[in-house]
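Here is what each chain is made of, one letter per residue.
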Amino acid sequence: MSRYDEELAGMYPEEDEDRHAVRMGDSDYEDDESDQSTSKVAEDTSAKDVKEGVDIQGIPWETMSTTRDRYRQARLKQYPNFENIPDSGRISEKVCTPVEKGKLYYDFQHNTRSVKPSILHFQLRNLVWATTRHDVYLLSYYSVLHWSSLTCEKQEVIDLQGRVAPCEKHQGNFSEGFYRTQVSTLAVKDNLLVTGGFHGEIICKFLDRKGISYCCKSTHDDNGITNSLEIFERPSGSVHFLASNNDCGVRDFDMENFQICNHFRFSWAVNHTSLSPDGKLALIVGDNPDGLLVDANSGKAVHDLRGHLDYSFASAWNPDGRTFATGNQDKTCRVWDIRNLSKSVAVLGGNIGAIRSIRYTSDGKFMAMAEPADFVHVFDVGSGYCRKQEVDFFGEIAGISFSPDTEALFVGVHERTYSSLLQFSRRRVYSYLDSAL
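None of the values given here were measured: they were computed from a predicted structure.

K.L.:
Explain the overall build of the chain to me, using residue names and the numbers behind them.
P.N.:
For the chain, the count of helices and strands is eight helices and 30 strands. A buried classification covers 59% of the 437 residues belonging to the chain. Long-range contacts, defined here as pairs at least 24 residues apart, represent 53% of the contacts in the chain between residues at least 6 apart. Working note: accessible area of the chain is about 18,300 Å², and carbon and sulfur atoms make up 48% of it.

And the structure:
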């Protein structure tokens, strides 16, 4: 992101929510943090409730001066898509792939307002991660929380309000720790949780150990916000993660030796990096309309990716290792095939804004892309991305995550009154049961 975008980050929660919040009460951004006393009955919405006519977010439309449909139409017209390059969204609409809507791949399961996902920077939306279909980790103001969909209970994993310091001794560990760390991005995989901060702070915690294992500053650059993190495993079995920063760098951290083993530099700020399933290629997107495929070991450019018209903030590989996707502020997600990179194979358009987050299911059958607010699109990959489910709600999206077994989809919603965690379950069709009837 540009330095200008970084300066906007601090103003975003109050200014943009004033324009777009669904106003059902008097709470605001600051008040929501301490207002945790809502009863569980009022906080949660179940699939049974929705079948009986309750809104999935628990919004009482019947008591309001507008209807849901009228409010949706107003949002579609009034929501301002942030662009670094003017008119990129309008121009991109002309080349979008036709897509059949109305499919249903994930059923609504549950919504809880007892956890309140939050966002620090309006362009960075990777703050929700599922490690199983029942375990979700997310940022909520100055806390990293664990939410169990089995027990419907939350637990604080890291308290960022005060001082966070490592309890283990490793070379390069920042023993003094950090105070009131502003977390801009988050990644969780298996037993490792990593947070990235607004000033290059890195905090690593193994979920099966007490305390914090490792703290460091990935960069001392004044423009060093951590834009994204990706945890992966080397063929040797060692755990690593990639940190993409606004100082134009991508750093490969070895968590076995607790040190940086690679540092790649680019000519523009890197907003997101994704590693190919075989670990050989890294997909780099950032403050340039063109993306890059680079050799993951050397950082040498292999191929550029031309087509987007603005800056990109999201990327993901299909587990098949042949296709991948990039999300851009031109309101599109482009899908690419490694066998022919001269142009993208699909251009998937959003409704109101930039594509801020992209996730594939582990079986590669579905891809979800999230706009900054209100819409998550789930595409049937097997149809050539020509069929999709559109998940429609109200509020800024803090992050999306499929569970590793593909059975659950979680969406973190940040909204003045209706912040919540939405849960959807994969729809299964058992045709052999039909034949038995």
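K.L.:
Let's hear about the sheet that holds strand β5 (residues 143-148): which residues, and what values?
P.N.:
Taken in spatial order, the four strands make up an open sheet running β3-β4-β5-β6, and their pairing is antiparallel. Of all the strands in the sheet, the pair left with one neighbour each is β3 (128-130) and β6 (153-159). Pairs of neighbouring strands in the sheet enclose a mean axial angle of 25°, with direction left out of account. Judged from the six bridges that link them, β5 and β6 form a sheet pairing that is antiparallel. Looking at the pairing, L145 lines up with E156 of β6.

K.L.:
Residues and numbers for the packing of aromatic side chains, please.
P.N.:
If you walk through the whole model with that rule in mind, you get 14 aromatic pairs. Between F241 and F253, the aromatic rings sit 4.6 Å apart at their centres with planes inclined by 5°, giving stacked as the arrangement. With a gap of twelve residues between them, F241 in strand β14 (residues 239-245) and F253 in strand β15 (residues 249-254) connect regions that are remote in the sequence. F253 shares its class with F241; the two are buried. Taking the ring centre of Y142 as reference, the NZ or CZ of R180 above it sits at 4.4 Å. Here R359 stacks its cationic end above the ring of W129, 4.5 Å away from the centre of that ring.

K.L.:
Which residues make up the pattern of salt bridges, and what are the values?
P.N.:
All told, the structure shown has 24 salt bridges when counted by the stated rule. E52 is the salt-bridge partner of K48, the closest N and O atoms lying 2.8 Å from each other. Residue classification places K48 among the exposed positions, given a relative accessible area of 56%. D392 is the partner of R72 in a salt bridge, and the nearest nitrogen-oxygen pair spans 2.7 Å. With R72 in helix α6 (residues 68-78) and D392 in strand β28 (residues 388-402), the pair connects residues that are 320 residues apart, well separated along the chain. Linked through salt bridges whose partners overlap, the residues forming this network are D55, R68, R72, R75, D374 and D392.

K.L.:
Help me get a handle on unusual backbone geometry, residues and values and all.
P.N.:
Backbone geometry at K331 places phi at a positive 70°, although glycine is not the residue there. Positionally, K331 belongs in the loop between β22 (323-328) and β23 (332-337). Of note, Y385 is a non-glycine position whose phi angle comes to about 65°, a positive value. Looking at the element boundaries, Y385 is found in the loop between β27 (373-380) and β28.

K.L.:
Outline the confidence of the model for the chain, listing residues and values.
P.N.:
For the chain, the average pLDDT comes to 90, and 89% of its residues sit at 70 or higher. With pLDDT under 50 throughout, residues 4-41 is counted as low confidence; its partners more than four residues away or in other chains account for 83 contacts.

K.L.:
Can you lay out the pairing of β15 for me, pointing to particular residues and giving the numbers?
P.N.:
Of all six residues making up β15, six are buried, and the element is well covered by its neighbours. A loop of three residues connects β14 with β15, the two strands running antiparallel in sequence, and C248 in this loop sits at a positive phi of about 75°. Pairing analysis gives six bridges linking β15 to strand β16 (residues 259-265), with the strands arranged antiparallel. Residue pairing across strands places D254 opposite Q259, the latter belonging to β16.

K.L.:
Explain the nonpolar core to me, using residue names and the numbers behind them.
P.N.:
Counting residues in each nonpolar core, the largest one holds 32 residues, and the members touching the most others are I158, L160, V194, I202, I203, C204 and F241. Residue assignment for this core shows that the elements contributing at least two residues are β4 (135-140), β9 (183-189), β10 (192-197), β11 (201-206), β12 (214-217), β13 (226-233) and β14. Dropping the residues within four chain positions of it, F241 is found in contact with V194, I202, C204, L229, E230, I231, F232, R251, D252, F253 and M255. Counting residues in hydrophobic clusters, the runner-up holds 19 residues, among them A368, A370, F402 and F424.

K.L.:
Please provide a residue-by-residue account of the sheet that holds strand β25 (residues 357-360), values included.
P.N.:
Here eight strands make up an open sheet; going across it, the order is β1-β2-β30-β29-β28-β27-β26-β25 and the pairing antiparallel. In the strand order of this sheet, the two ends are held by β1 (45-46) and β25, each with one partner. As paired elements, β27 and β28 share six bridges and run antiparallel to each other. If you follow V378 over to β28, its bridge partner there is Q389.

About the thresholds
- Residues numbered from 1 in each chain as written.
- Predicted model: local features only at pLDDT ≥ 70, side-chain atom pairs only at ≥ 80, totals over all residues.
- Heavy atoms only, no water.
- Helix = DSSP H or I, 4+ residues; strand = E, 2+ residues; numbered from the N terminus.
- Buried < 20%, exposed > 50% of the residue type's maximum accessible area, 1.4 Å probe, protein only.
- Contact = heavy atoms within 4.5 Å.
- Areas by Shrake-Rupley, 256 points an atom, 1.4 Å probe, with all protein chains shown as cover.
- Pairing = 2+ DSSP bridges.
- Axes fitted to C-alpha atoms, helices over the stretch in contact; angles between N-to-C directions.
- Phe/Tyr/Trp six-rings, centres within 6.5 Å; stacked < 30°, edge-to-face > 60°.
- Lys NZ or Arg CZ within 6 Å of the ring centre and 35° of its normal.
- Salt bridge = Lys/Arg side-chain N within 4 Å of Asp/Glu carboxyl O.
- pLDDT = per-residue confidence, 0-100.
- Core = buried A, V, L, I, M, F, W, Y, C linked by side-chain atoms within 4.5 Å.

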